[in-house]
Amino acid sequence: MASNQTGGLLHDAAALQGLQELLAKVEPLLAGGRLNRIVDLVSITADLVDMTDEYMVEKLAKAFEETMGAAWTAGNAARMARTQVSNMQETPSLIGLLRMAREPDVRRGLAFMLTMAGVLGKGLTYDGLDYTKD
């Protein structure tokens, strides 16, 4: 049955013209070996679709949700802090900053930032440089 349909297409002038136009467009891809890359890309995409299962989708969705939640929280905190600082009549003195540290929320935020700085610092270890060498 497929051969009957193919045979019918080969005798149709419009179909032959369409095939010639398609071949003219594909010819540079074939000559440059770029069609192979397209086939490889389609193969990788098919492999990803085959590998995707419910567990993987749930894990990716959870990671995306947590990332968006963290970004939203950080954005809200920055906007709220900006509003509070903008509403201050004058810049706080060092003593004023220490007074702000009396609030448990401020201390919790400072503890978070200092802990995060410590974690980042651990990841930034390096060999000591000897500045006495030439």
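This write-up is about the structure you can find in this document. (Residues numbered from 1 in each chain as written. Predicted model: local features only at pLDDT ≥ 70, side-chain atom pairs only at ≥ 80, totals over all residues. Heavy atoms only, no water.)

1. Points about helix H6 (residues 104-123)
Between the first and last C-alpha of H6 there are 29 Å, a value that for 20 residues agrees with the 28 Å anticipated at 1.5 Å per step. Counting buried residues along H6, only zero of its 20 residues qualify, which leaves the element largely exposed. (Helix = DSSP H or I, 4+ residues; strand = E, 2+ residues; numbered from the N terminus. Expected span 1.5 Å × (residues − 1). Buried < 20%, exposed > 50% of the residue type's maximum accessible area, 1.4 Å probe, protein only.)

2. What about the pattern of salt bridges?
Taken as a whole, this structure holds two salt bridges when the rule is applied. The shortest N-O distance in the salt bridge between Glu66 and Lys62 comes to 4.0 Å. Highlighted residues: Glu66 and Lys62, both in helix H4 (residues 54-86), separated by four residues, approximately one helical turn. Where Asp105 meets Arg108, a salt bridge forms, and the shortest distance between an N and an O atom there is 2.9 Å. (Salt bridge = Lys/Arg side-chain N within 4 Å of Asp/Glu carboxyl O.)

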